[in-house]
Amino acid sequence: MATRRPARRRPAPRRNPRRPAPRRRASRSRRQRERDAQVNLAVAALAVAAVWALVSWLLVNWWVLIVLGALALTGGAAWFHRIQQQRTWARVRQQALRFGLPELDALHHRDFEYAVRDLMLRDGCTDARQIGGAGDNGADVLATDPLGRTWVIQCKHRKDGDRGSAVGTPDLQRVNGTARQLYGADIVLVVTNGRFSTRCQPLANQLHMHLADRRVLSTWASGNRPLWELLPRIPAPRSGR
């Protein structure tokens, strides 16, 4: 009779030690959530206790609220007074703003635009702003005067003043082509510290534009009269303004 060999036992599958069993993972996750909930509950309880303690203390020491309120009112009043003083001094500086022609001649062309803006601010155009630069469509300064008229100003600066090259008709045509369509201008102005060519004034009359040459600029920048009192044929405000 043949001897029967015992069956070999298959080795148990090895479990990857790096991968925990799903049940243990779920159990750990649940315990973590429970601990987080307990911590949040404890923090909330401490916060409520602290608020309650503060309210209780303030009810006993009510005078502290009065002192804090008085300090807040004093600080707010001081801050408001300081802001008002700064605005007042800014208005005084604007109203006293004066430029001489040598000072304007020495400016960079971009600074010349800012000088024109500041002069418009001095004369009461509270929204005057410099917009000259790439894509300005011929406008360097925009402003609304106290009578509600919209000004579109192109600034032409010459280093050598009236000894430099004259401002020509192409500069007038450029700003005239966009000032009213894009900016809704009531008054289109070209201002320079130099001079205009002889053909500019007739063209400006045809296009209902205004020119301010070196002479007009000097009177405006060094005096205290607004520009609309120095230029002829300034249009009246639009109806309804």
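An account of the accompanying structure is given in this report.

A separate point is helix 6 (residues 200-207). Residues of helix 6 that are buried: C200, L203 and A204. Mapping the buried residues of helix 6 onto a view down its axis gives an arc of 105°, with all of them on the same face. In this structure, the buried side of helix 6 is in contact with helix 5 (169-183) and strand 5 (210-212). Positive phi appears at H208, one or two residues downstream of helix 6, with a value of about 55°.

On to the sheet that holds strand 4 (residues 187-192), then. As a general point, the strands of a sheet are linked pairwise by backbone hydrogen bonds and lie either parallel or antiparallel. Ordered in space as 1-2-3-4-5, the 5 strands form an open sheet in which the pairing is mixed. Of all strands in the sheet, those with a lone pairing partner are strand 1 (129-130) and strand 5, marking the two edges. One ladder, built from 3 bridges, connects strand 4 with strand 5; its direction is parallel. Considered in strand 5, the bridge of V190 is made with L211.

Applying the stated rule across the entire model yields 1 aromatic pair. Ring geometry for W151 and W228: centres 5.9 Å apart, planes at 55°, overall tilted. In this pair, W151 is assigned in strand 3 (residues 150-156) and W228 in the segment after helix 7 (214-222), connecting sequence segments 77 residues apart. Judged on exposure class, the residue W151 and its partner W228 are both buried.

Turning to the packing of helix 5 against helix 6, a few remarks are in order. Running from N to C, helix 5 and helix 6 point in directions that differ by 15°, and their axes come no closer than 10 Å. Comparing their axes, helix 6 and helix 5 come out roughly parallel. Between helix 5 and helix 6 lies a crossing whose hand is right-handed. Contact with helix 5, carried on its side by T169, L172, Q173, N176 and R180, involves C200, L203, A204 and L207 of helix 6 and no other residues of that element. Here the contact of helix 5 with helix 6 is composed, by residue class, of 5 nonpolar, 3 polar and 1 charged.

So, about a nonpolar patch on the surface. Taken together, the side chains of W62, W63, L65, I66, V67, L68 and L71 define a hydrophobic patch exposed on the protein surface, amounting to about 770 Å² of accessible area. Inspection of the secondary structure puts I66 in helix 2 (residues 63-95).

Attention now moves to the pairing of strand 4. Counting buried positions along strand 4 yields 6 of 6 residues, so the element is predominantly enclosed. The side-chain alternation of strand 4 yields two buried faces, one formed by I187, L189 and V191 and the other by V188, V190 and T192. Crossover handedness for the path strand 3 to helix 5 to strand 4: right-handed.

Take the nonpolar core next. Core analysis: the largest hydrophobic core is formed by 29 residues, its most contacted members being M120, W151 and I153. Those elements that place two or more of their residues in this core are helix 3 (101-105), helix 4 (109-122), strand 2 (141-144), strand 3, strand 4 and helix 7. Tallying contributions element by element places helix 4 first for this core, with 6 residues. Once residues lying within four places of it in the same chain are set aside, the contact partners of M120 are C125, A128, A143, W151, I153, W220 and W228. With 16 residues, the next largest nonpolar core counts A185, C200, M209 and L211 among its residues.

What counts and what doesn't
- Residues numbered from 1 in each chain as written.
- Predicted model: local features only at pLDDT ≥ 70, side-chain atom pairs only at ≥ 80, totals over all residues.
- Heavy atoms only, no water.
- Buried < 20%, exposed > 50% of the residue type's maximum accessible area, 1.4 Å probe, protein only.
- Helix = DSSP H or I, 4+ residues; strand = E, 2+ residues; numbered from the N terminus.
- Arc of directions from axis to C-beta.
- Contact = heavy atoms within 4.5 Å.
- Pairing = 2+ DSSP bridges.
- Phe/Tyr/Trp six-rings, centres within 6.5 Å; stacked < 30°, edge-to-face > 60°.
- Axes fitted to C-alpha atoms, helices over the stretch in contact; angles between N-to-C directions.
- Parallel < 35°, antiparallel > 145°, perpendicular 65-115°, else oblique.
- Left-handed = near helix turned anticlockwise from the far one by under 90°.
- Nonpolar A, V, L, I, M, F, W, Y, C, P; charged D, E, K, R; others polar.
- Patch = residues over 30% accessible without salt bridge, like charges linked within 9 Å, V, L, I, M, F, W, Y side chains within 5 Å.
- Areas by Shrake-Rupley, 256 points an atom, 1.4 Å probe, with all protein chains shown as cover.
- Salt bridge = Lys/Arg side-chain N within 4 Å of Asp/Glu carboxyl O.
- Right-handed = clockwise from strand over helix to strand, strands pointing away.
- Core = buried A, V, L, I, M, F, W, Y, C linked by side-chain atoms within 4.5 Å.

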